[in-house]
Amino acid sequence: MTNTLIETIKKRRSQYALGKTLPISQDETTKLIQDAVKHTPSSFNSQSSRVLVLYGAESEKLWGFVMDALRKIVPADSFESTEKRINSFAAGAGTVLFFEDQDVVKGLQEKFALYADNFPIWSEQSSGMAQFAVWSALAASDIGASLQHYNPLADAEIATAWDIPASWKLRAQMPFGANSGSFSEKSFMDDSARFKVYA
């Protein structure tokens, strides 16, 4: 039996060799990202996820901010590998930045006090699902990507450069672009160590 969704999930892999040329148009890529986030589940249908999509020079500017922030904390004699990694993200066609709107989370905490402690957790779960949905949708269109977490190193610069509301909390960055490299073999632990089934 073949399941299209499972096959797409299997196709989603971390791609660190990114190119500028996308197999679909920029407008189609943007719509793909928007649809993936729009249809991601969220607690109480809160739709707390927010997204900033950067292309070309704007994406390169983002990774420039991250590079500058890292120079301040990574020893100079070991910075070469860090620089190479950040440059590999900037080499892509663009970057998706994932945020969670804390005003939405706080509003739910006030409205449903009984679940107040859970709303930040559910917000993070929704963000993770949005990231996975976008990553899988990109993979299905033969667009490479990886998931990065350089927040909060350059959060202030990002907020200023792209007029990000104060309530948006940055959770992850996803550089994407052409698949310019192959994927290594992925290993899996034995199913018996991960799953229990009773019937």
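Conventions we followed
Each residue is numbered by its place in its chain's sequence as written, counting from 1. Residues qualify for local features only when their pLDDT is at least 70, as the model is predicted, and side-chain atom pairs are given and counted only at 80 or more; totals for whole chains, interfaces and linings, by contrast, use all residues. Hydrogen atoms and water are omitted, and side-chain values are computed over all heavy atoms in the structure. For two strands to pair, DSSP has to find at least two bridges joining them. Only DSSP runs of H or I with at least four residues qualify as helices, and only runs of E with at least two residues qualify as strands; both kinds are numbered from the N terminus onward. Ring pairs are drawn from Phe, Tyr and Trp, using the six-membered ring of Trp, whenever the two centres fall within 6.5 Å, and their geometry is named by plane angle: stacked under 30 degrees, edge-to-face over 60, tilted for the rest. Partly exposed residues are those whose accessible area sits between 20% and 50% of the maximum for their type, while under 20% is buried and over 50% is exposed, using a 1.4 Å probe and protein chains only.

A. Spatial organisation of the pairing of strand β5 (residues 168–179). Sheet topology places strand β1 (residues 18–19) next to β5; two bridges connect them, and they run antiparallel. Residue pairing in the sheet places Gly19 in a bridge with Ala178 of β5. One ladder, built from eight bridges, connects strand β3 (residues 94–101) with β5; its direction is antiparallel. The partner of Thr95 across the bridge, within β5, is Pro175. Pairing between strand β4 (residues 143–145) and β5: three bridges, direction antiparallel. Counterpart to Ala145 in the pairing with β5 is Phe176.

B. Structural view of the packing of aromatic side chains. Evaluated as defined, the whole model comprises 13 aromatic pairs. Measuring from ring centre to ring centre gives 5.9 Å for Trp63 and Tyr150, while their planes differ by 90°; the resulting arrangement is edge-to-face. Of this pair, Trp63 sits in helix α3 (residues 56–71) while Tyr150 is found in the loop between β4 and α7 (155–161), placing the two residues 87 residues apart along the sequence. Both residues of the pair, Trp63 and Tyr150, count as buried.

C. The environment of Ala166, seen in detail. Along the chain, Ala166 falls in the loop between α7 and β5. Using a relative accessible area of 86% as the deciding quantity, one classes Ala166 as exposed. Spatially, the C-alpha atom of Ala166 lies 8.8 Å from that of Gln102, the residues being 64 residues apart in sequence.

D. Representation of unusual backbone geometry within the structure. The linkage connecting Asn151 with the following residue, Pro152, adopts the cis geometry, with an omega of 10°. Along the chain, Pro152 turns up in the loop between β4 and α7. In this structure, Phe44 is a non-glycine residue whose phi angle is positive, near 55°. Residue placement: Phe44 occurs in the loop between α2 (26–38) and β2 (49–55). Residue Phe44 is classed as partly exposed on the basis of its relative accessible area of 42%.

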